[in-house]
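# Remarks on the overall topology
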Amino acid sequence: MSNVSLIIEERAADIGNFKVGRLLPFRQKRMVGPFAFIDHMGPAYLKDYQNLDVPPHPHIGLSTLTYLFEGVVLHKDSLGTEVEIKPGAVNWMTAGRGVVHSERTPPYLRSSEKVLHGLQIWVALPKDLEDMEPSFHHIDADELPAWEEQGVKYRLVAGEVMGKRSGVPVYSSLYLIEVKAERDADIEIGSQLFGESALYILEGEVRSGEYVYHPKHILVANDATLCTFQMKAGSTVYIFGGEPFPEERFYFWNFLSSSKEKIERAKEKWQKNEFPPVPGETERVPLPISNLRKET
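Described below are features of the structure shown in this document. All residue numbers here refer to positions counted from 1 along the written sequence of the relevant chain. Note on the predicted model: pLDDT of at least 70 is required for a residue's local features to be given, and 80 or more for side-chain atom pairs to be given and counted; whole-chain, interface and lining totals, by contrast, use all residues. The side-chain numbers reported here are obtained from all heavy atoms of the structure, hydrogens and water having been left aside.

### Some words on the sheet that holds strand β5 (residues 53-59)
The test is simple: By the convention used here, strands pair only if DSSP detects at least 2 bridges between them. The numbering of helices and of strands both runs from the N terminus, where a helix is a DSSP run of H or I of at least 4 residues and a strand a run of E of at least 2. Orientation is described by axes fitted as lines to C-alpha atoms, over the contacting stretch for helices, and by angles from 0 to 180 degrees between their N-to-C directions.
Within the open sheet, the four strands sit side by side as β5-β10-β7-β8. Their pairing is antiparallel. Each edge of the open sheet is held by one strand with a lone partner, namely β5 and β8 (82-85). Pairwise comparison of adjacent strand axes, ignoring direction, gives a mean angle of 20° for this sheet. In this structure, strand β7 (residues 73-77) lies alongside strand β10 (residues 99-104), joined through four bridges in antiparallel fashion.

Here it is, written out as structure tokens:
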């Protein structure tokens, strides 16, 4: 019998001049543990005149996690950070009470053909930390725990699980694990997982019970401790989850909070241009009229 309680398929979404596949939030499952939002970017094959350009925009109440498979993104924020995110590394920006950032193709790639492919993730902050000071951390690929067992390669992108701990400074009990199978493999790690758990299939094929699943789907587990499945050779999946929060989270655009009032204040603050600026940037994304982050 399959341990899958819900299957979520990627839905197309527009983030300005770039199309993504939206995975969370979903009308039947708005969060998995503290994970509140997941976009699958690309793979996008950009011409020499096409570039990623997401002008400065604000966040509150969450941490953003950017993890690339291919390509390069230049991150700049109101803390004064300017750093390139490259494949396998992690950009972890904690918005807390408020931060502003932009995401663009670096100058030296703007006239070249390029590929962009990766995940953008929001992790909700615990209620008592929603107003913490904003911060930014960059963790290089070789700093993340990586190991191999019976032809299966694991990498712990964030959190603590399976006796490993990532250097990403998370603020709640969670895990995000990359699993790559070089040959057909049985994966039995449920006894080491906790809270709510889900699996995203990036490539290849996964079998759970009598069912076979394919890329661009999230499989939400009935019970994380029963997480067993089979992977075909050449498959890559991401297992994520953790302890859910007792309070509901509300969304509007790039704002996430346990308080609707805080979201309303953030909307007003952005309209009045009261968020801190991003050094060197003159553009800003206007506040949308409707909620662009509603679950679908």
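### What to know about unusual backbone geometry
At the junction of Gly42 and Pro43, the peptide bond is cis and its omega measures out at 5° in the coordinates. Inspection of the secondary structure assignment puts Pro43 in strand β4 (residues 35-46). Even without being a glycine, Gln150 presents a positive backbone phi close to 50°. Residues other than glycine seldom take positive phi values, yet Met162 does so here, at roughly 55°. Within the secondary structure, Met162 sits in the loop between β14 (152-161) and β15 (164-165).

### Section: the packing of aromatic side chains
Put simply, the rule reads: Ring pairs are drawn from Phe, Tyr and Trp, using the six-membered ring of Trp, whenever the two centres fall within 6.5 Å, and their geometry is named by plane angle: stacked under 30 degrees, edge-to-face over 60, tilted for the rest. Think of it in three bands: with a 1.4 Å probe and only protein chains considered, a residue is buried below 20% of the maximum accessible area for its type, exposed above 50%, and partly exposed in between. Our definition puts a charge over a ring when NZ of Lys or CZ of Arg is within 6 Å of the ring centre and also within 35 degrees of the ring normal.
Scanning the model with the defined rule gives twelve aromatic pairs in all. With centroids separated by 6.5 Å and ring planes inclined at 40°, the aromatic side chains of Tyr211 and Tyr213 adopt a geometry described as tilted. Owing to a relative accessible area of 43%, Tyr211 belongs among the partly exposed residues under this scheme. Here the guanidinium or amino end of Arg284 rests over the ring plane of Trp270, the centre of that ring lying 3.9 Å away.

### What about the sheet that holds strand β17 (residues 185-188)?
Taken in spatial order, the four strands line up as β17-β22-β19-β20 in an open sheet, and their pairing is antiparallel. Since the sheet does not close on itself, it has two edges, and those belong to β17 and β20 (211-213), each with one partner. Averaged over all adjacent pairs, the angle separating strand axes in this sheet is 30°, with direction ignored. Here two bridges tie strand β19 (residues 206-208) to strand β22 (residues 228-231), and the two strands are oriented antiparallel to one another. For Val206, the partnering residue across the bridge sits in β22 and is Met231.

### Digging into the environment of Thr228
Going by this rule: Here, two residues are considered to be in contact whenever any of their heavy atoms come within 4.5 Å of each other.
Following the sequence through the fold, Thr228 ends up in strand β22. The sequence separation of Thr228 and Gly190 amounts to 38 residues, and the corresponding C-alpha distance is 6.3 Å. With near-sequence residues (within four places) excluded, Thr228 lies in contact with Ile187, Glu188 and Ser208.

### Here we look at the pairing of strand β11 (residues 114-124)
With respect to burial, β11 is a largely interior element, ten of its eleven residues being buried. Examined bridge by bridge, β4 and β11 share nine bridges and lie antiparallel to one another. Bridge pairing links Phe37 to Trp122 in β11.

### Some words on the side chain of His117
Note the threshold: N or O atoms within 3.5 Å of each other form a polar contact, as long as, within protein, one can give a hydrogen and the other can take it, and as long as residues adjacent in sequence are counted only when both atoms are side-chain atoms.
Relative to the helices and strands, His117 is located in strand β11. Residue His117 is classed as buried on the basis of its relative accessible area, which comes to 9%. At 2.7 Å, the side chain of His117 and the side chain of His40 are in polar contact. What His117 contacts, discounting residues up to four positions off in sequence, is His40, Met41, Gly42, Pro43, Leu68, Phe69, Glu70 and Leu202.

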